[in-house]
Amino acid sequence: MSAQPQAPQPAAEHPLIDIRGLIKRYGATGQDAGHLALDGVDLGIHRGDFVSLIGPSGCGKTTLLRILADLETPTAGTVKVGGLSPEEARKGRLYGYIFQAPTLLDWRSALANVMLPLQVMGQPKDEARKIALERLEQVGLADAARRYPWQLSGGQQQRVSIARALALDPELLFMDEPFGALDEITRERMNQDLHELWRRSGKTAVFVTHSIAEAVFLSTRIVVMRANPGGVTRVLDVDLPDERNFETRTLPRFFELAKEVHEGLRDAYAV
Ligand SMILES: Nc1ncnc2c1ncn2[C@@H]1O[C@H](COP(=O)(O)OP(=O)(O)OP(=O)(O)O)[C@@H](O)[C@H]1O
């Protein structure tokens, strides 16, 4: 009997973001050991994941995100973003970064703000305008393209920031508590729209939040962190239906997961 040809085996997928033994110490000098912000973080984030980082104030969520984005350097350990060092990933424009405050340029319209990264990368103006309009459409703001940041609500400004982060169509989105300053209802609406955007785009997202409900609603995985020293205490898979909407927040499983995150946070606060 002749041997059956073997179907090619898919290579075991490497995490898109691979963090091993990450240590970050701030302000160490000769005598002073400084502050240990992250103490041995191991974490793999796979393509298409939406990962939320949640934990007490000072547990190193922003530090972790900033290290991924090459805005801080690790003290020890290895970090790979798309197989590259954070510096290479930044230079290769692999990610878009959304800050807690919208950080838009006041003297440029919404459209011109979104066009900026495209123009910096040398796109001709007409092409940059076309892409920027598409991005504003993606975040539901095409009608406000000509308005200036001061003519937009906080939620609208954050939508423009998201459109700007999407301008160069990066594979990764890094978001540092982007909806922290918004009222509850606007925040829920932004969560819904961000979820749909993420699902349609297939991008990989790392999202910092203080809100348990936001983390459960948006994520495929939740990383619960502790402080002093900063690190990971628990990683939860979110097994809710892929499509999330208002009903999602009423599912028994939603409450169970919220309880699990809450317990994780209680442990985190106890250390
Ligand atoms: N540039 C810095 N120099 C010295 N210490 C810093 C610096 N940045 C952050 N830290 C310290 O490192 C720790 C982690 O800070 P980080 O901002 O990453 O925490 P966080 O979890 O994002 O906090 P929050 O939820 O309050 O935003 C904190 O104790 C903070 O004071």
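Please read these numbers as outputs of a predicted model, since none were measured by experiment.

## Concerning the sheet that holds strand β4 (residues 76–81)
Taken in spatial order, the 3 strands line up as β2-β1-β4 in an open sheet, and their pairing is antiparallel. Every interior strand has two partners, whereas the edge strands, β2 (35–45) and β4, have only one. Sheet twist, expressed as the mean angle between neighbouring strand axes with direction ignored, is 25 degrees. Where strand β1 (residues 17–26) and β4 come together, 5 bridges link them in antiparallel fashion. For Ile23, the partnering residue across the bridge sits in β4 and is Ala76. Where helix α1 (residues 61–68) meets the sheet, it contacts β1, β2 and β4, and its direction lies at approximately 120 degrees from that of β1.

## Thoughts on the confidence of the model for the protein
Summarising the model, the protein shows a mean pLDDT of 91, and 95% of its residues fall at 70 or more. Between residues 1–5, whose pLDDT stays under 50, and residues either more than four places distant or in other chains, the model counts 0 contacts. What the predictor reports for the complex is a pTM of 0.91 with an ipTM of 0.98.

## Here we look at the layout of surface pockets
Size it by volume and the largest pocket reaches roughly 510 Å³. Lining the largest pocket are 17 residues, with Arg93, Tyr95, Gly96, Tyr97 and Pro117 sitting closest to its centre. For the lining of the largest pocket, the secondary-structure elements that each account for two or more residues are α2 (86–91), β5 (95–98), α3 (110–120) and α5 (154–166). Here the residues of the lining of the largest pocket are counted per class, giving 12 nonpolar, 1 polar and 4 charged. Split by domain, the residues of the lining of the largest pocket number at least three in each of domain 1 (36–94 + 170–270) and domain 2 (104–169). For the second largest pocket, the lining is made up of 14 residues, of which Gln138, Val139, Gly140, Arg159 and Asp193 are closest to its centre. Residue assignment for the lining of the second largest pocket shows that the elements contributing at least two residues are α4 (125–138), α5 and α6 (184–201).

Quick notes on the rules
- Residues numbered from 1 in each chain as written.
- Predicted model: local features only at pLDDT ≥ 70, side-chain atom pairs only at ≥ 80, totals over all residues.
- Heavy atoms only, no water.
- Pairing = 2+ DSSP bridges.
- Helix = DSSP H or I, 4+ residues; strand = E, 2+ residues; numbered from the N terminus.
- Axes fitted to C-alpha atoms, helices over the stretch in contact; angles between N-to-C directions.
- Contact = heavy atoms within 4.5 Å.
- pLDDT = per-residue confidence, 0-100.
- 1 Å grid on protein atoms, 1.4 Å probe; cavity = no way out; pocket = protein on both sides within 12 Å on 5 of 7 lines; lining within 4 Å.
- Points joined across faces, edges and corners; volume = space filled by probe spheres on them.
- Nonpolar A, V, L, I, M, F, W, Y, C, P; charged D, E, K, R; others polar.
- Domains from an automatic or database assignment.

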